Amino acid sequence: MKQVFARPKSLKDVPTHYCPGCHHGIIHRLVADAIDQYGLQEKTIAVASVGCSVLLYDYFDVDTLESPHGRAAAVATGVKRSMPDHFVFTYQGDGDLAAIGTAEIMHAANRGEFLTVIFVNNTVFGMTGGQMAPTTMIGQTTTTSPGGREPLKAGYPIKMAEIIANLEGTAYSARVSVHDAKHLMTAKKTIRKAFDAQLERRGLGFVELLSSCPTNWKMTSQEANKRVKEELVPYFPLGVYKDTSAKGDEQ
Amino acid sequence: MSKKILAQGNEAIARGALAAGCRYYFGYPITPQNEVPEYLSKHLPEAGGVFIQAESEVASINMLLGAAATGARVMTSSSSPGISLKQEGISYLAGSEIPGVIVNMCRSGPGLGGIGPSQGDYYQATRGGGHGDYRTIVLAPHSVQENYDFTILAFDLADKYRNPVIVFGDAILGQMKEPVELKNPRPKTFKKDWALTGAKGRPQRILKSLYLADGELVDHNWNLYKKFQRMQKEVRYETLLVDDAKLVVVAFGSVARIVKTSIAMARKNGMKVGLVRPITLYPFPTAYLQELAQRIGHFMAMEMCTGQMVDDVKLAVMKTAEVGFYGRPPGSIPTPNELYEEIRKEYKRIS
C-alpha cells in the first residue's frame, strides 16, 4: 500500500505543549513540510522567539537558537550573515514581532536580509495569559483590555503583512489562515514562497498566519476557528501583498 | 611580523579585533567610540568580513548573538548609554553560553550625561550588568597599545569560557593617539562543538537560556557559577613600587595612567607610595590585595566617579587595612597635580 501521509522528517515524533485547538501545531507541520520538501533539514538554523513557540527546538529537529523577546529578526540577521549558505528562519508571535520586535523586523526587511519569517498572529499575548497585543481586535476583551480594546486609548490592530510589503528589501509578503483545509493548502504554498525568497536570494520572505488561541479567547476550538473566519479575516485580508518572483504577477 | 604605527585608541581596538580574527561587527553610532565602527566599516569587508550598522544598540548585540552562535568571532562596541541598551543581549549571551566581545568606551552619565571620560559604569561592567546572576570578564586597558592587545585577549577569553568579555575603556582611551606595535598574531582557534552550523551528520544543537523543567535552572546556574569560579585564574594586574610602600593607590584605566605621574611626584618628594592597577576588573585582584594588606596598612582608591571600585578594594582588605578614596565625577580629566595633591594629603594623614 502506498503511504500518502507521514510526519515530516524535520518534525520530532513527540507531543507538543500547545493547548487543544491551537494552530501552532498545524503551522509547525507546514513549516517542517517545506523544510523537508526543499531538503533543508541539515542546513537549517531556526531562531525561536519568546512566546508559546519558544520551545520550537523541542519539536523541530534542526539547529535552533533562542532569541530574546522581539529580537529574532536581528538574531537571524547575525546567523545568516555568518552562514550565508544555510537556511535561516524565525518563528514569531504577534506579541513578539508586532510589539516589542517591530524595529528589528522592519529593519531586517528593509535591509533585504535573506531570511524567512513565520509570523503567527492570534490577536493576543498567549504565553503570558491573554493580554492585549497590537493585533488585538477593536472591542476584543483581554486581561489588559477588560472592557474591550478601545482605539482612542489603545490604537488599532496592526497589519504587519501590509507594512512589511511596503519595504523595499522585502521579496515576499503574504497573509494566510489555517482555519480550514482549503486555507491550509494555500498556507502551505505560501510558506514555500517565503522560503523561495530566501533560497533565491531575493530578499526577506514574510508570511503572516492568522491563528486561533481558544484558551485565551475563552472559546471551543470550533468557535475559535469560526472567529478567525468571521472576525479576523475581514479585518486582516488574506492575500499576497508583495512577490518579487518571476511568477509574482500571476498571483 | 610586527610593525609600529601611530594610532588613535578606537582604531587600535578595531585593529585588535581584526588581528584576533573577528570578521563580524555590529554596531550603532555613539560618541566617543565612532572610530571603531568607522574603521571596521572599511576594513572588515576588505578582510572578507561583515559590517552592519544596526538600527539600534539592541539590534546590534542581538546580531552579535546570532553570528556568535554559529561559532564566529564577533564584536560590538558602544559607550555607556548604548551599553545599557545592550545589557539584554549580554545577559542572553551569558545565559546561553555564547562568546562575544563588547567594548565600552565609557562616557559620563547618568542619563545622556556627557561625552567626556568616566569610570561610572564600573558596577555595571563588573556585576554582570543585565538581569540574572552572571559575570563577564572585564579588561581595562590604560594605553592605546593595551586597547589593541586586550581586544585580542578578549576574543581568546570569550572563546575559552564561552562567555561575553567586556573591554572597558573611556573617552580618553578612545580618543588619544599613541604608538602601537601591531603584532598580528595567528588567531587562536577553539573547538566549538556547540556552534550552530546545521545538523548535518550529527544530532540537533540548541543554544538557549530558558530552563523550565524542575531543577534544571538551578543546575544551569550552578554550572555558570563554577565557570565564573574557574575564570578567577584570569586575574591580571600591574604593580608599581609596592615593595616599600606605606600607601598603595589602587586605580585602573586612564586614572591609573595619570596617577603613575602623580606617584612619581610623590616619590620625588620622599613619600613611599605604590600602585596596584587592576587590569581585570572582573575577576578583581582580591587575593593579591589581601596578601599586600598583610604588610601595608593603607590603601587609596582613585576613580573617575564618586566611588565604585573602592567597594571592591574595601571588600578585599577591610579586615586588615584602611582604605582611603578620592573620586572625581566625570566631565573633565584629572591632572597629575590634582591626584598628587590628594595622595599627599592622605600620606600626611597616615604618617
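Computed from a predicted structure; not experimentally measured. (Residues numbered from 1 in each chain as written. Chains lettered and ligands numbered in written order. Predicted model: local features only at pLDDT ≥ 70, side-chain atom pairs only at ≥ 80, totals over all residues.)

*Asks:* Would you mind showing me how to read the overall build of chain A here?
*Replies:* Broken down by element type, chain A carries ten helices and seven strands. Its C-alpha radius of gyration of 17 Å places chain A within 12% of the 18 Å reference for a compact globule of 251 residues. Its C-alpha atoms put chain A at 50 × 50 × 35 Å along the principal axes. Taking as baseline every contact in chain A between residues at least 6 positions apart, the subset at least 24 positions apart corresponds to 66%. (Helix = DSSP H or I, 4+ residues; strand = E, 2+ residues; numbered from the N terminus. Rg over C-alpha atoms; globule rule 2.2 N^0.38 Å. Contact = placed C-beta atoms within 7 Å.)

*Asks:* Can you help me understand the interface of chain A and chain B in this one?
*Replies:* Note: interface size is frequently given as the accessible area lost on complex formation between the parts. In this assembly, 29 residues from chain A lie in contact with 32 residues from chain B. For the side of chain A that touches chain B, the secondary structure elements donating two or more residues are strand S1 (44-48), strand S2 (63-66), helix H3 (72-82) and helix H5 (102-110) of chain A. Where S2 of chain A meets strand S9 (residues 206-207) of chain B, two bridges bridge the pair, whose relative direction is parallel. Across the sheet, Thr64 of chain A pairs through a bridge with Ile206 of chain B, a residue of S9 of chain B. (Pairing = 2+ DSSP bridges.)

*Asks:* Can you help me understand the sheet that holds strand S12 (residues 273-278) of chain B in this one?
*Replies:* Hydrogen bonds along the backbone pair up the strands of a sheet, which may run parallel or antiparallel. All names here are of chain B. Strand order in the open sheet formed by five strands is S10-S12-S11-S14-S15, with mixed pairing between adjacent strands. Whereas interior strands pair on both sides, the edge strands pair on one side only; in this sheet they are strand S10 (237-240) and strand S15 (322-327). Neighbour to neighbour, the strand axes of the sheet diverge by 20° on average, direction disregarded. Inspection of the sheet shows strand S11 (residues 247-250) paired to strand S14 (residues 298-303) by four bridges, in the parallel sense. The residue bridging Leu247 from the neighbouring strand is His298, located in S14. (Axes fitted to C-alpha atoms, helices over the stretch in contact; angles between N-to-C directions.)

*Asks:* In this structure, what is going on with the nonpolar core? I would like to understand it.
*Replies:* General note: in soluble globular proteins, nonpolar side chains tend to be found buried as a group. All names here are of chain B. Core analysis: the largest hydrophobic core is formed by 184 residues, its most contacted members being Leu139 and Val249. In terms of domain composition, this core takes at least three residues from each of domain 1 (3-233) and domain 2 (235-350). Residue contacts for Leu139: discarding those within four places in its chain leaves Phe150, Leu153, Ala154, Val165, Val167, Phe168, Ile279 and Thr280. (Core = buried A, V, L, I, M, F, W, Y, C linked by C-beta atoms within 7 Å. Buried ≥ 20, exposed ≤ 12 C-beta atoms within 10 Å, placed from the backbone. Domains from an automatic or database assignment.)

*Asks:* Teacher, can you tell me more about unusual backbone geometry here?
*Replies:* Residue Pro32 of chain B follows Thr31 of chain B across a cis peptide bond; omega there is 10°. Tracing the backbone shows Pro32 of chain B in the loop between strand S2 (24-27) and helix H2 (35-46). In this model, Lys218 of chain A sits at a positive phi of 55°, which is unusual for a non-glycine residue. When you line up the elements, Lys218 of chain A lands in the loop between helix H9 (214-217) and helix H10 (221-235). Of note, the phi angle at Glu97 of chain B is positive, near 55°, even though the residue is not glycine. In this structure, Glu97 of chain B sits in the loop between helix H4 (80-96) and strand S5 (100-106). Take Glu97 of chain B: there are 18 C-beta atoms within 10 Å of it, and that puts it in the partly exposed class.

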